[in-house]
Amino acid sequence: MLVFRTLVFLLMVAGLLSFAVYLATGEARWRRLGLLIVRWTVIAALGFFAVLLLERLALVL
């Protein structure tokens, strides 16, 4: 579980850094990269919560 948390945290930091570089330079490619990273962060977080939910359901059943 620590690996998933670390991955989501690093993806969030990378997304924030991309947006910071976009604000500093004004280049649209950094904004696109930031949005792409945020999209994958949301997907990774949903996967993490799905695994947690499946673990809880396995204990109940």
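That block above? That's the structure.
Quick notes on the rules
- Throughout this document, residue positions are counted from 1 along each chain, in the order its sequence is written.
- Totals for whole chains, interfaces and linings use all residues, but because this is a predicted model, local features are given only for residues with pLDDT of at least 70 and pairs of side-chain atoms are given and counted only at 80 or more.
- Hydrogens and water are ignored here; the side-chain numbers use all heavy atoms of the structure.
- In DSSP terms, a helix is any run of H or I states spanning at least four residues, a strand is any run of E spanning at least two, and both are numbered starting from the N terminus.
- Relative accessibility under 20% of the residue-type maximum defines a buried residue, over 50% an exposed one, and the middle range a partly exposed one, all with a 1.4 Å probe and only protein chains included.
- Under the convention used here, a 1.4 Å probe and the Shrake-Rupley method define accessible areas, while residue burial counts only the protein chains that appear.
- Contacts are residue-level and defined by heavy atoms, with any inter-residue pair within 4.5 Å sufficient.

Q: In this structure, what is going on with the overall build of the chain? I would like to understand it.
A: In terms of helices and strands, the chain carries 2 helices and 0 strands. Seen through its principal axes, the chain has C-alpha atoms that stretch 55 × 15 × 10 Å. Split into buried and exposed, the 61 residues of the chain put 13% on the buried side. For the chain, the accessible area works out to roughly 5000 Å², and carbon and sulfur atoms hold 77% of it.

Q: Which parts of the structure should I look at to understand the side chain of Ser 18?
A: Inspection of the secondary structure assignment puts Ser 18 in helix H1 (residues 2-25). Taking relative accessible area as the criterion, Ser 18 reaches 6% and is therefore assigned buried. Every residue in contact with Ser 18, bar those within four places of it in the chain, is listed here: Trp 30, Leu 33, Gly 34 and Ile 37.

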